[in-house]
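# Examining the three-dimensional arrangement
Okay, here's what each chain looks like letter by letter:
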Amino acid sequence: MSLPLASPSFARQLSRCLAADYLKLRRTPALWLAVAGGALPVLLEFCIFFFRGNVILRHHAPPWFRYLSASWEVAAVLLLPLFIVLLAGLLVSVEHRATAWKHLYALPVGRATIYTSKFLVLVQLLVLAHVAYVGLLIVSGYLLGLLHPEFGFQHQAVPLGAIAHLTARTFVASLGMLGCQYVLSMQSRSFVLPIGVGLACLTTTLPLLRWEHVGWLPFAGPLLTLQSMREAGAELIVPAQLAAHEIGSLLWCAAAFLAGLLLRHRNVG
Amino acid sequence: MPETLVAATRGLSFSLGGRRVLHDVGLAVPEAAIYGFLGPNGAGKTTTLRLLLGLLPPPAGTVHLFGHELRHHRAALLGRVGALIENPSIYAHLTGLENVEATRLLHGLPRARTAAVLATVGLTTDANRLAGHYSLGMRQRLGLALALLPDPALLILDEPTNGLDTGGITEMRALLQHLRRDYGKTIIISSHLISEIERVATHVGIIERGRLCFQGSIEALQRMQETSARLVLHTADAAACRRLLPEFTETALPIPDAETLVLPRLSRQQVASVVERLVAAGQPIYQLHYQQPSLEDIFLQLTTPFAA
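This one's a predicted model, so the numbers in the text were calculated from it and none came from an experiment.

Along chain A, the regular secondary structure elements total 9 helices and 2 strands. What you see in chain A, going N to C, is helices and strands ordered as α-α-α-α-α-α-α-α-β-β-α. For chain A, the C-alpha atoms occupy an extent of roughly 80 × 40 × 30 Å along the three principal directions. Looking at chain A as a whole, 44% of its 269 residues are labelled buried. In chain A, the proportion of contacts linking residues at least 24 apart, taken out of those at least 6 apart, comes to 83%.

Before going further, it helps to spend a moment on the overall build of chain B. A count of helical and extended segments in chain B gives 11 helices and 14 strands. For 308 residues, the compact-globule formula gives about 19 Å, and the C-alpha radius of gyration of chain B, at 25 Å, lies well above that figure. Each principal axis of the C-alpha atoms in chain B carries an extent, and together these give about 80 × 45 × 40 Å. Split into buried and exposed, the 308 residues of chain B put 40% on the buried side. Counting contacts in chain B only where the partners sit at least 6 residues apart, residues at least 24 apart contribute 68% of the total.

Here the focus is the sheet that holds strand S12 (residues 230–235) of chain B. All names here are of chain B. Here 3 strands make up an open sheet; going across it, the order is S13-S12-S14 and the pairing antiparallel. Of all the strands in the sheet, the pair left with one neighbour each is strand S13 (260–264) and strand S14 (285–291). For this sheet, the mean inter-axis angle between neighbouring strands, taken without regard to orientation, is 20°. Bridge count between S12 and S13: 5 bridges; the pairing is antiparallel. The residue bridging Val-232 from the neighbouring strand is Val-262, located in S13. Seen against the sheet, helix H10 (residues 268–280) touches S12 and S14 and runs at an angle of roughly 160° to S14.

Right, let's talk about the interface of chain B and chain A for a bit. Between chain B and chain A, the contact holds 32 residues from the first and 31 residues from the second. For the side of chain B that touches chain A, the element with the most residues is helix H3 (residues 96–107) of chain B, which contributes 7 residues. Looking at the side of chain B that touches chain A residue by residue, the classes come out as 18 nonpolar, 11 polar and 3 charged.

Residue and element names in this part refer to chain B. Strand order in the open sheet formed by 6 strands is S7-S8-S9-S4-S10-S11, and the pairing between neighbours is mixed. Since the sheet does not close on itself, it has two edges, and those belong to strand S7 (81–84) and strand S11 (211–217), each with one partner. Here the strands of the sheet are splayed against their neighbours by 15° on average, with no regard to which way each runs. Direction of pairing for strand S10 (residues 203–208) relative to S11: antiparallel, over a ladder of 6 bridges. Bridge pairing in S11 places Val-204 opposite Gly-216. Those strands touched by helix H6 (residues 166–183) are strand S4 (34–38), strand S8 (154–158) and strand S9 (186–191), and its axis lies near 155° from that of S9. Packed onto the sheet, helix H11 (residues 295–303) meets S4, S10 and S11 and runs at close to 35° relative to S10.

Before going further, it helps to examine the environment of Leu14(A). The topology assignment puts Leu14(A) in helix H1 (residues 10–24). Apart from residues lying up to four places away in sequence, Leu14(A) is in contact with Thr113(A), Thr116(A) and Ser117(A).

This brings us to unusual backbone geometry. A negative phi angle is the norm for most residues apart from glycine, just as the trans form is the norm for most peptide bonds. Residues and elements named next belong to chain B. Look at Glu-86: it is not a glycine, yet its phi comes out positive at around 50°. For Glu-86, the position within the fold is in the loop between S7 and H3. When the 14 C-beta atoms within 10 Å are taken as the criterion, Glu-86 is described as partly exposed. Phi at Glu-159 is positive, roughly 45°, even though this residue is not glycine.

So, about the pairing of S8(B). Residue and element names in this part refer to chain B. Judged by how many residues are buried, S8 sits mostly within the fold: 5 of 5 residues are covered. Summarising the sheet, S7 and S8 pair through 4 bridges and their orientation is parallel. Each residue of the ladder has a partner; that of Leu-84, found in S8, is Leu-157. Across 5 bridges, the pairing between S8 and S9 is parallel. Bridge pairing links Asp-158 to Ser-190 in S9. Between the parallel pair S8 and S9, the chain is carried across by H6, and the sense of this crossover is right-handed.

On average, residues of chain A score 86 in pLDDT, and 96% of them are at 70 or above. Averaged over each element, pLDDT in chain A is lowest for strand S1 (residues 230–232) of chain A (76) and highest for H1(A) (93).

With 147 residues, the main nonpolar core has Leu87(A), Ala145(B) and Ile156(B) as its most contacted residues. For this core, the element with the most residues is helix H3 (residues 63–97) of chain A, which contributes 16 residues. In this view, Leu87(A) contacts Ala30(A), Leu33(A), Ala34(A), Leu122(A) and Leu125(A); residues no more than four positions away in its chain are not counted. With 6 residues, the next largest nonpolar core counts Ala238(B), Cys241(B), Leu261(B) and Leu278(B) among its residues.

Residues and elements named next belong to chain A. Packing of H1 against helix H5 (residues 111–147) leaves a shortest axis separation of 9 Å and a crossing angle of 50°. The angle between the axes of H1 and H5 places the two elements in the oblique class. Our pair here, H1 against H5, has a crossing hand that is right-handed. Of the residues in H5, those in contact with Phe-10, Gln-13, Leu-14, Cys-17, Leu-18 and Asp-21 of H1 are Thr-113, Ile-114, Thr-116, Ser-117, Lys-118, Leu-120 and Val-121. Classifying every residue of the contact of H1 with H5 gives 7 nonpolar, 4 polar and 2 charged.

In a regular helix each residue adds 1.5 Å, so 28 residues correspond to 40 Å; helix H6 (residues 160–187) of chain A covers 40 Å between its end C-alpha atoms and thus fits that length. The largest bend along H6(A) measures about 30° and falls at Leu175(A).

Time to look at the environment of Gly110(A). Within the element layout of this structure, Gly110(A) appears in the loop between helix H4 (101–105) and H5. Overall, Gly110(A) belongs to the partly exposed group, with 19 C-beta atoms counted inside 10 Å. Each C-alpha atom of the pair Gly110(A) and Gln13(A) lies 7.6 Å from the other, and the pair is 97 residues apart in sequence. In contact with Gly110(A), not counting residues within four places along its chain, are Gln13(A) and Ala75(B).

The rules behind these values
- Residues numbered from 1 in each chain as written.
- Chains lettered and ligands numbered in written order.
- Predicted model: local features only at pLDDT ≥ 70, side-chain atom pairs only at ≥ 80, totals over all residues.
- Helix = DSSP H or I, 4+ residues; strand = E, 2+ residues; numbered from the N terminus.
- Buried ≥ 20, exposed ≤ 12 C-beta atoms within 10 Å, placed from the backbone.
- Contact = placed C-beta atoms within 7 Å.
- Rg over C-alpha atoms; globule rule 2.2 N^0.38 Å.
- Pairing = 2+ DSSP bridges.
- Axes fitted to C-alpha atoms, helices over the stretch in contact; angles between N-to-C directions.
- Nonpolar A, V, L, I, M, F, W, Y, C, P; charged D, E, K, R; others polar.
- Right-handed = clockwise from strand over helix to strand, strands pointing away.
- pLDDT = per-residue confidence, 0-100.
- Core = buried A, V, L, I, M, F, W, Y, C linked by C-beta atoms within 7 Å.
- Parallel < 35°, antiparallel > 145°, perpendicular 65-115°, else oblique.
- Left-handed = near helix turned anticlockwise from the far one by under 90°.
- Expected span 1.5 Å × (residues − 1).
- Bend = angle between axes of the 7 residues up to and from the residue.

Pasting the structure below:
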């Protein structure tokens, strides 16, 4: 029997998978979680500053530095890891719940493509959450300046450069976590297991923060990045170069991704 | 000239968790056949069908689709196959239409296919409802719509009538016949009930404990049915009659009741001679007829080794 045996290229398969994955995001909590995950820490910190700003910013402390670091601390230590654990679980559980793997693997797209596409969607949602967070943080800072001119937000330029560096590096620092949680969620049909493991990792990492090698643990990444923020006079400084723990995060992400890929090939559809 | 095989396996063996679930299965599915793949639950039907789709780790033996080995041309071959394995894979949070769209995008097919397959399975009016609210039968039809999307030359359906009511089963049967007759599709359909497929199947494969114990056209199965027909003789004293026919001591079947004698299938001359000898010995013959086993009986005979 003659038939064309050329398979579609990887790029074409990937764009098909991505289109289908975007469609599957409709009406899922994953997309909302990405936006809400960015908005929640801003809202919390906004309320704290709105009501207690006069205490926090006593002695003419530079408002942007205080506001950014306080907000980032809440976001990086607790909310970002929780957000990643939940997001990876939610995104992958859509396929588990529909018993869709056997269907997807019998379609003319490779397993590696399906796996990569889902991961890219997850990374994009993480980007979306970061953008939403930073955007709202800056807007809320302006708003505080309007509502409470005595805080002095308007007298200081928004440290956009420092914010951009911090955001980009926090993103890189959280990719290790993201990779691990993605693979875990892929491997487990149950929604509870990856979330349980993620929470356990987070709670064991926090007491280990004083350990000199904590940088190698993926769940410590965003917090260690925050520690590289410095105040020099009225300036806020965040170096652009990646720190060792951020390179470590990238390695974790790559290793988890490859391990997951190998496991996917062995998995029963 | 040998028939063109759309799906063929050679020496297919497979173990799951240390247990051998398939032994040397050699499936041969000719073009434009409706191949009824029969076997009791747990005989290895789903495993075989999953292997045909490359869903399990590579087995011992080979799988050929459209004459090409599956493991070397996976994506290209699967582009011409539609499959529904076990329960349909349906996203409850999407509408019926969105479910079809998700699969259509993965195939890279034109948008018009979505409406076409929804119409084929009769889901056009319910297309914009959430699939999570569908009935079992509608879910099954949606699963079939997903399988039909690429206009596949080969359709693999694993127990597609599961959960369907009588009307649904009749509809499904009509749809399969239509697809084969009008579009020349090859269809593999598995079932644990022969009655469900004997009216549509052109070919039959019967699997039992991981071994293929019959494979051939439905006519071949029917011939088997004829050759296992039995001659039933109603008389006054079956035991006495049996003694009068010493050549059948070995082959005659146990006497079901005192007045009924059951003999294997005989030639016309043999029947005449049996009747003549019994009547000559003064045994009355009230009734004489052939009893043909149903396909169901044949199926049971093949799949339950100790039944016969």
